[in-house]
Amino acid sequence: MLIRYAMEEDILHLQITRDLDISSRAAATLEIEMLLFTLRPYVRVRVQLPTADPSPASLSVLTRARRLCGHLGVPLSVVGPVSTTELPPVA
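Residues numbered from 1 in each chain as written. Predicted model: local features only at pLDDT ≥ 70, side-chain atom pairs only at ≥ 80, totals over all residues. Heavy atoms only, no water.

Undergrad: For this particular structure, what's the right way to read the pattern of salt bridges?
TA: Pairing of side chains with opposite charge becomes possible as their charged atoms draw close. Per the counting criterion, the structure on display carries one salt bridge. Note that Arg 44 and Asp 10 form a salt bridge whose closest N and O atoms lie 3.7 Å from each other. Of this pair, Arg 44 sits in strand β3 (residues 44–48) while Asp 10 sits in the loop between β1 (3–8) and β2 (11–16), and the two are 34 residues apart along the sequence. Take Arg 44: its relative accessible area is 40%, and that puts it in the partly exposed class. (Salt bridge = Lys/Arg side-chain N within 4 Å of Asp/Glu carboxyl O. Helix = DSSP H or I, 4+ residues; strand = E, 2+ residues; numbered from the N terminus. Buried < 20%, exposed > 50% of the residue type's maximum accessible area, 1.4 Å probe, protein only.)

Undergrad: Looking at this structure, I do not really get the sheet that holds β2. What am I missing?
TA: In a beta sheet, neighbouring strands are held together by backbone hydrogen bonds and run either parallel or antiparallel to one another. The strand order β1-β2-β3-β4 describes an open sheet built from four strands, whose pairing is mixed. Each edge of the open sheet carries a strand with a single partner, namely β1 and β4 (76–79). With direction set aside, neighbouring strand axes in the sheet form an average angle of 20 degrees. Set on the sheet, helix α2 (residues 56–72) makes contact with β3 and β4; between it and β4 the angle comes to about 155 degrees. (Pairing = 2+ DSSP bridges. Axes fitted to C-alpha atoms, helices over the stretch in contact; angles between N-to-C directions. Contact = heavy atoms within 4.5 Å.)

Undergrad: Teacher, can you tell me more about the packing of helix α1 (residues 22–38) against α2 here?
TA: Each pair of packed helices gets described by two things: the angle between the helix axes and the distance between those axes. Here α1 crosses α2 at 25 degrees, and the two axes come no closer than 9 Å. As judged from the angle between their axes, α1 and α2 are roughly parallel. Handedness of the crossing formed by α1 with α2: right-handed. The residues of α2 that touch α1, namely those facing Ile 22, Arg 25, Ala 28, Thr 29, Ile 32, Glu 33, Leu 36 and Phe 37, are Ala 57, Ser 60, Val 61, Arg 64, Ala 65, Leu 68, Cys 69 and Leu 72. Of the residues that constitute the contact of α1 with α2, the class distribution is eleven nonpolar, two polar and three charged. (Parallel < 35°, antiparallel > 145°, perpendicular 65-115°, else oblique. Left-handed = near helix turned anticlockwise from the far one by under 90°. Nonpolar A, V, L, I, M, F, W, Y, C, P; charged D, E, K, R; others polar.)

Undergrad: Whenever I open this one, the nonpolar core confuses me. Can you help?
TA: Taken as a class, soluble globular proteins show a tendency for nonpolar side chains to be buried jointly. The biggest cluster of nonpolar side chains holds 21 residues, and the ones touching the most others in it are Ile 3, Leu 14, Leu 20, Ile 32, Leu 36 and Val 45. Elements that contribute at least two residues to this core include exactly β2, α1, β3 and α2. Filtering out sequence-adjacent residues up to four positions away, Ile 32 remains in contact with Ile 3, Leu 14, Val 61 and Ala 65. (Core = buried A, V, L, I, M, F, W, Y, C linked by side-chain atoms within 4.5 Å.)

Undergrad: What is the right way to read empty space enclosed by the protein from this model?
TA: Here the idea is plain: a probe the size of a water molecule rolls over the atoms and shows the empty space left. Throughout the structure, instances matching the rule amount to one cavity of 30 Å³ or more. Space inside the largest cavity adds up to approximately 30 Å³. Along its surface, the largest cavity is lined by Thr 29, Ile 32, Glu 33, Val 61, Arg 64, Ala 65 and Leu 68. At the level of elements, α1 and α2 are the ones that each hand at least two residues to the lining of the largest cavity. A breakdown of the residues in the lining of the largest cavity according to their chemical character gives four nonpolar, one polar and two charged. (1 Å grid on protein atoms, 1.4 Å probe; cavity = no way out; pocket = protein on both sides within 12 Å on 5 of 7 lines; lining within 4 Å. Points joined across faces, edges and corners; volume = space filled by probe spheres on them.)

Below you can see the structure in the form of structure tokens.
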């Protein structure tokens, strides 16, 4: 799993679990698209990056998520890595 997620009130929290490379970029993009379309309604989306210096592939996935959120009219915020707080696993 490349993307972890959690819903909190009206916020969809997405976490990219590791720095992506070219071979994992498409799969991560598809996971995010599926989550955005199936977990509605939400008012905001928050993406947590895996590193302070993300790879070009990770930035590409973030750019695609931003573009999709823009088309859906949903604000997107981005945060860096957090080592002490992780999203809980989703059943």
